[in-house]
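# Structural overview
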Amino acid sequence: MRKFVIMGVQGSGKGTQSRMLCNTYGFKHISTGDMFREEIQSQSPIAEKIKNLINQGNLVPDEIVSEVVRKGLSQLDDSKGFILDGFPRNAAQAQFLIDNIDIDAVIVLEIPDQVVIERIMSRRLCSECKRDYNIDFRPPTVEGICDDCGGKLIQREDDYEEAVKKRIADYHASTSPAIELLSTKYRVERFDVTKGSKYAQPLIRECLGLSELEEVH
Ligand SMILES: [Zn+2]
């Protein structure tokens with residue numbers, strides 16, 4: 001069983017890289033966001049705690065996040081492997097991983113902040129049907145208008161420059177110490193994804209020795 005963690009700022013293409021690896025090698029993509037949604041629906045004692053915290057506007061503490069991750073990973077015994085996405089987010093969570101779970105390698109996607117800022121700022125959303133666009137890579141046929149429903153395209157408030165810069169700064173502040181800690185136990189491999197996901201994917205496969213694995217598709 002191959003075990004990987006993938007890390008990268010929002011907009012670095014973590015989901016795309018994970019999906020390509022999982023589709024090819026049959027790994028499971030373990031997104032902590034998905035695990036949380038499932039856990040909350042499960043009506044377990046942890047679910048109750050999480051719901052109360054969220055309803056009161058609190059952040060879910062690291063112990064509970066870690067517990068959900070441990071539980072999710074323990075259900076994967078017969079799979080070909082997993083790619084853990086969204087955990088660890090900080091040094092405390094990294095320490096939990098180190099203490100509890102063996103990982104083959106940590107995949108760190110790297111991209112200059114300015115490139116991410118430009119990518120995120122070029123995103124648009126249909127105000128009617130919520131379809132996503134990117135005015136650089138996937139523009140609508142008519143500027144500012146949704147191809148599907150004719151709705152007006154808008155920019156999310158989250159995607160305004162100041163908000164994006166703050167998210168990126170927060171990401172670096174919490175994950176840099178986490179990556180440093182992870183490197184004391186695990187193999188950490190960094191990949192430059194500035195040229196795009198398709199360019200980086202073969203480099204990741206080669207570096208991690210995946211090309212010798214059987215492909216499921
Ligand atoms: Zn639309």
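Source: prediction; values computed, not measured.

### With respect to the sheet that holds strand E6 (residues 132-134)
The antiparallel open sheet is built from three strands, whose spatial order is E6-E5-E7. Two strands in the sheet have a free side with no partner beyond their single neighbour: E6 and strand E7 (153-154). As judged from the three bridges shared by strand E5 (residues 123-126) and E6, these two strands associate in the antiparallel manner. When the bridges of E6 are listed, arginine 124 appears paired with tyrosine 133.

### A closer look at the sheet that holds strand E2 (residues 28-31)
Backbone hydrogen bonds are what pair the strands of a sheet, in a parallel or an antiparallel way. Within the open sheet, the five strands sit side by side as E2-E3-E1-E4-E8. Their pairing is parallel. This sheet does not close on itself; its edge strands, each paired only once, are E2 and strand E8 (188-192). On average, each strand axis in the sheet is tilted by 25 degrees relative to the strand beside it, whichever way the strands run. As judged from the four bridges shared by E2 and strand E3 (residues 81-85), these two strands associate in the parallel manner. Note that in E3 the partner of isoleucine 30 across the bridge is leucine 84.

### Re the pairing of strand E1 (residues 2-7)
Here E1 runs beside E3; their pairing, made up of five bridges, is parallel. Bridge pairing in E3 places phenylalanine 4 opposite isoleucine 83. Relative to strand E4 (residues 105-110), E1 runs parallel, the two being bridged by four bridges. Bridging from a neighbouring strand, valine 5 pairs with valine 106 of E4.

### Quick look at the nonpolar core
Val5, Ile83, Leu84 and Ile107 are the most contacted members of the largest nonpolar core, which has 34 residues in total. The element best represented in this core is E1, accounting for four residues. Discounting residues that sit within four places of it in the chain, leucine 84 has contacts with Phe4, Val5 and Ile30.

### Focus on helix H1 (residues 14-25)
Between the first and last C-alpha of H1 there are 16 Å, a value that for twelve residues agrees with the 16 Å anticipated at 1.5 Å per step. Among the residues making up H1, those that are buried are Lys14, Gln17, Ser18 and Leu21. Summarising the axial view, the buried residues of H1 lie within an arc of 95 degrees, below the 170-degree limit, and thus occupy one face. Contacts from the buried residues of H1 go to E1, E2, E3, E4 and helix H8 (197-207). Directly after H1, the chain includes glycine 26, whose backbone phi takes a positive value near 75 degrees.

### Side note on the pairing of E5
Taking the residues that link successive antiparallel strands as the turn, the E5-E6 hairpin has five residues, and the phi of lysine 130 there is positive, at about 70 degrees. Judged from the two bridges that link them, E5 and E7 form a sheet pairing that is antiparallel. Looking at E7, one finds that leucine 125 is bridged to isoleucine 154.

### Points about the packing of H1 against H8
How two helices pack is summed up by the angle between their axes together with the distance between the axes. The contact between H1 and H8 brings their axes to 10 Å, and the two run at 50 degrees. If you check the angle between H1 and H8, you find them oblique. You can see that H1 and H8 cross each other, and the crossing is right-handed. Of H8, the residues touching H1 (which contributes Thr16, Gln17 and Met20) are Ser197, Ala200, Gln201 and Ile204. Taken together, the residues that form the contact of H1 with H8 break down as three nonpolar, four polar and no charged.

### A short note on the confidence of the model for the chain
Averaged over every residue, the pLDDT of the chain is 92; residues scoring 70 or more account for 100%. At the level of individual helices and strands, the chain shows its lowest average pLDDT in helix H2 (residues 32-41), which scores 86, and its highest in E4, which scores 98.

Calculation rules
Residues numbered from 1 in each chain as written. Predicted model: local features only at pLDDT ≥ 70, side-chain atom pairs only at ≥ 80, totals over all residues. Pairing = 2+ DSSP bridges. Helix = DSSP H or I, 4+ residues; strand = E, 2+ residues; numbered from the N terminus. Axes fitted to C-alpha atoms, helices over the stretch in contact; angles between N-to-C directions. Core = buried A, V, L, I, M, F, W, Y, C linked by C-beta atoms within 7 Å. Buried ≥ 20, exposed ≤ 12 C-beta atoms within 10 Å, placed from the backbone. Contact = placed C-beta atoms within 7 Å. Expected span 1.5 Å × (residues − 1). Arc of directions from axis to C-beta. Parallel < 35°, antiparallel > 145°, perpendicular 65-115°, else oblique. Left-handed = near helix turned anticlockwise from the far one by under 90°. Nonpolar A, V, L, I, M, F, W, Y, C, P; charged D, E, K, R; others polar. pLDDT = per-residue confidence, 0-100.

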